[in-house]
Amino acid sequence: MLIETLILALLVSLISGGKLSRLGELVLRGFWLVPLALLTQSGVYWAAVQGIGLGPSWVSPMLDTGSYFLLLIFTLRNRTLPGMRYITLGILLNTLVIGLNGGLMPVDPIFLSETSRNVLQEGQGTHGLMTSSTHLSFLADRFYFDMLGLRKQVFSVGDVLIDIGIFILVFKTQQQPRGIGPIACRKTTSIPDKETG
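Basis of the calculations
- Residues numbered from 1 in each chain as written.
- Predicted model: local features only at pLDDT ≥ 70, side-chain atom pairs only at ≥ 80, totals over all residues.
- Heavy atoms only, no water.
- Helix = DSSP H or I, 4+ residues; strand = E, 2+ residues; numbered from the N terminus.
- Buried < 20%, exposed > 50% of the residue type's maximum accessible area, 1.4 Å probe, protein only.
- Contact = heavy atoms within 4.5 Å.
- Areas by Shrake-Rupley, 256 points an atom, 1.4 Å probe, with all protein chains shown as cover.
- Phe/Tyr/Trp six-rings, centres within 6.5 Å; stacked < 30°, edge-to-face > 60°.
- Axes fitted to C-alpha atoms, helices over the stretch in contact; angles between N-to-C directions.
- Parallel < 35°, antiparallel > 145°, perpendicular 65-115°, else oblique.
- Left-handed = near helix turned anticlockwise from the far one by under 90°.
- Nonpolar A, V, L, I, M, F, W, Y, C, P; charged D, E, K, R; others polar.
- Core = buried A, V, L, I, M, F, W, Y, C linked by side-chain atoms within 4.5 Å.
- Polar contact = N/O pair within 3.5 Å; in protein donor to acceptor, adjacent residues only side chain to side chain.

Colleague: How do you make sense of the overall build of the chain when you look at a structure like this?
Modeller: Of regular secondary structure, the chain possesses six helices and four strands. Order of helices (α) and strands (β) in the chain, N terminus to C terminus: α-α-α-α-β-α-β-β-β-α. For the chain, buried positions account for 36% of its 197 residues. Excluding contacts between residues fewer than 6 apart, the proportion of contacts in the chain whose partners are at least 24 apart in sequence is 64%. Within the structure as shown, the chain displays about 12400 Å² of accessible surface, and the carbon and sulfur contribution to it stands at 64%.

Colleague: Before we go on, may I ask you to explain the packing of aromatic side chains in this structure?
Modeller: Where two aromatic rings form a pair, the distance of their centres and the angle of their planes describe that pair. Tallied over the full model, the rule gives three aromatic pairs. Ring geometry for F167 versus F171: centroids 6.0 Å apart, planes at 5°, classification stacked. Residue F167 and its partner F171 are both found in helix α6 (residues 157-175); the two are separated by four residues, about one turn of the helix. Residue class for F171 comes out partly exposed when judged on its relative accessible area of 24%.

Colleague: Just checking my understanding: could you explain unusual backbone geometry for this structure?
Modeller: The phi torsion of most residues other than glycine is negative, and most of the peptide bonds are trans. In the Ramachandran plot, L136 falls in the positive-phi region, its phi being about 50° despite a non-glycine side chain. Here L136 lies in the loop between β2 (127-129) and β3 (143-145). We classify L136 as partly exposed; its relative accessible area is 29%.

Colleague: Is there a simple way to explain the packing of helix α1 (residues 2-15) against α6 in this structure?
Modeller: Two quantities define a packed helix pair, namely the angle between the helix axes and the distance between the axes. Relative orientation of the contacting elements α1 and α6 amounts to 30°, with a least axis distance of 9 Å. As judged from the angle between their axes, α1 and α6 are roughly parallel. The crossing of α1 and α6 is right-handed. In this structure, α1 contributes L2, T5, L6, L8, A9, L10, V12, S13 and L14 to the contact, and α6 contributes D163, I166, F167, V170, F171, Q174 and Q175. Residue composition of the contact of α1 with α6, grouped by class: 11 nonpolar, four polar and one charged.

Colleague: Would you take a moment to explain the side chain of T40 for this structure?
Modeller: Residue position: T40 is located in helix α2 (residues 33-50). With sequence-adjacent residues up to four places away left out, T40 is seen in contact with L63 and S67.

Colleague: Would you mind going over the nonpolar core with me for this structure?
Modeller: Burial of nonpolar side chains together is a common tendency in soluble globular proteins. Counting 23 residues, the largest nonpolar core has L71 and I91 as the members making the most contacts within it. Mapped by element, the contributors of at least two residues to this core are α2, α3 (59-77), α4 (84-99) and α6. Broken down by element, this core gets its largest block of residues, six residues, from α4. For L71, the residues in contact, after removing those within four places along its chain, are V34, A37, Q41 and I91.

Colleague: Sorry if this is basic, but what is going on with the environment of L39 here?
Modeller: One can find L39 in helix α2. Each C-alpha atom, one on L39 and one on S67, is 8.8 Å from the other, the two residues being 28 residues apart in sequence.

Colleague: I tried to follow the packing of α4 against α6 on my own but got confused; where do I start?
Modeller: Between α4 and α6, the least distance of the axes is 7 Å, while the angle of their chain directions is 160°. Relative to α6, the element α4 lies roughly antiparallel. α6 is crossed by α4, and the crossing has left-handed handedness. Residues M84, Y86, I87, L89, G90, I91, L93 and N94 of α4 touch α6, and the partners they reach there are V157, G158, D159, L161, I162, I164, G165, I166, I168 and L169. Class assignment for the residues of the contact of α4 with α6 results in 13 nonpolar, four polar and one charged.

Colleague: What is the right way to read the environment of T131 from this model?
Modeller: Here T131 lies in the loop between β2 and β3. Along the sequence, T131 and V107 sit 24 residues apart, while their C-alpha atoms lie 8.8 Å from each other. A polar contact is formed between the side chain of T131 and the side chain of S133, at a distance of 3.0 Å.

Here it is, written out as structure tokens:
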């Protein structure tokens, strides 16, 4: 739902008088961690689909879980930005359930087609089927969203928190007056002029 959330935040902010150009003023520390994490996840998924082994069985789960730690580091470095606390908490919850389930995000099979269930039966790089032995199943991908015109999606509690944080970040950034707020605000100390004469 990330793309839909971004579009919604942009539209709502623009309608309420926000400026799209203010997104360009957003300073994100350590942003390189985000593409690195996403590339890692994509690589693990691609290798699993292609049947390419990445070494010992623990390598793929470690890489996938590790990618979420990279995202956590990124959000913690930018924790003063609006909405970032929600994003951090969402990523943390997803990291917990993935880390405790062998590096796979459990997915509730009730919302999946038979083909999808068969694909995830033994895990597909980043996701696996939720079973009775799944740890923290309430944090798994067990919620279903289906709206006309949008993609059918299964999501977790952590995903919801991430989307809320993304919405707040985009909305408030577009609403920020230029040069004011967590994007450009810096604490300064004024030094009185010395008396002359």
